[in-house]
Amino acid sequence: MKQSIVHIALVVRDYDEAIDFYVNTLGFELLDDTHQPEQDKRWVVVAPPGGGGTTILLARASRPEQEPFVGNQAGGRVFLFLNTDDFWRDFERLKAKGVRIVREPKQQDYGMVAVFADLYGNLWDLLQLNEDHPIARRGK
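Residues numbered from 1 in each chain as written. Predicted model: local features only at pLDDT ≥ 70, side-chain atom pairs only at ≥ 80, totals over all residues. Heavy atoms only, no water.

1. Quick look at the packing of aromatic side chains
- Under the defined criterion, the tally for this structure stands at eight aromatic pairs.
- Between Phe87 and Phe91 the ring centres are 5.8 Å apart and the planes differ by 10°, which places this aromatic pair in the stacked class. Taken together, the positions of Phe87 and Phe91, both in helix α2 (residues 87–96) and four residues apart, correspond to about one turn of that helix. The same class applies to Phe87 as to Phe91, namely buried.
- Linked through ring pairs, Phe21, Tyr22, Phe28, Phe116 and Trp124 together constitute an aromatic cluster. (Phe/Tyr/Trp six-rings, centres within 6.5 Å; stacked < 30°, edge-to-face > 60°. Helix = DSSP H or I, 4+ residues; strand = E, 2+ residues; numbered from the N terminus. Buried < 20%, exposed > 50% of the residue type's maximum accessible area, 1.4 Å probe, protein only.)

What follows is the structure in structure tokens.
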């Protein structure tokens, strides 16, 4: 059996500001932006460059009860984990783009990590996992 998680929905305030951040600040690719007139929504999908894994569905909060979750989808915990092949290149690019660094880089047993916040305050780990880490080996 082979299964995979295709999308993770990230609740956002506005499609265009979210696209701007994820594409122009983080350098993600915009894979789809299709209007769905029957629901007055857009199907907006972004993904990191060079990745073939899970994508992010940018889902605008469409009801009042969804709005409090914009920027707080994981209750203040790190919510998403972006692994890279060059930690320092990507860390310096984030800083140069004005991304808020929440925790400075630190070498851990599993690799190099720093925490940053997206435009809404969701926390992300920027990672470069050690080559022998089980997750790093999984993609090979």
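Next, the rest of the story.
2. Description of the side chain of Thr55
- Residue placement: Thr55 occurs in strand β4 (residues 55–60).
- Polar side-chain contacts of Thr55 include one of 2.5 Å to the side chain of His7.
- When neighbours within four sequence positions are excluded, Thr55 is seen to be in contact with Val6, His7, Ile8, Leu31, Val45, Val46 and Ala47. (Polar contact = N/O pair within 3.5 Å; in protein donor to acceptor, adjacent residues only side chain to side chain. Contact = heavy atoms within 4.5 Å.)

3. So, the pattern of salt bridges
- Under the defined criterion, the tally for this structure stands at eight salt bridges.
- Glu92 serves as the salt-bridge partner of Lys95, at 4.0 Å between the closest nitrogen and oxygen. Residue Lys95 and its partner Glu92 are located together in helix α2, separated by three residues, close to a single helical turn.
- On the accessibility criterion, Lys95 (41% relative accessible area) is partly exposed. (Salt bridge = Lys/Arg side-chain N within 4 Å of Asp/Glu carboxyl O.)

4. So, unusual backbone geometry
- Positive phi is not limited to glycine here, since Asp40 has a value of about 50°.
- When you line up the elements, Asp40 lands in the loop between β2 (29–36) and β3 (41–47).

5. What to know about the pairing of β4
- Direction of pairing for strand β1 (residues 7–12) relative to β4: parallel, over a ladder of six bridges. What sits directly across from His7, in β4, is Thr55.
- Inspection of the sheet shows β3 paired to β4 by three bridges, in the antiparallel sense. Of the residues in β4, the one forming a bridge with Val45 is Leu57. (Pairing = 2+ DSSP bridges.)

6. Some remarks on the sheet that holds strand β7 (residues 111–117)
- If you trace the four strands from one edge of the open sheet to the other, you get β5-β8-β7-β6, paired in mixed fashion. Looking along the sheet, the strands with just one partner apiece sit at the ends: β5 (78–83) and β6 (100–108). Taken pair by pair, the neighbouring strands of this sheet meet at an average axis angle of 20°, ignoring direction.
- Where β7 and strand β8 (residues 123–129) come together, seven bridges link them in antiparallel fashion. Across the sheet, Val113 pairs through a bridge with Leu127, a residue of β8. (Axes fitted to C-alpha atoms, helices over the stretch in contact; angles between N-to-C directions.)

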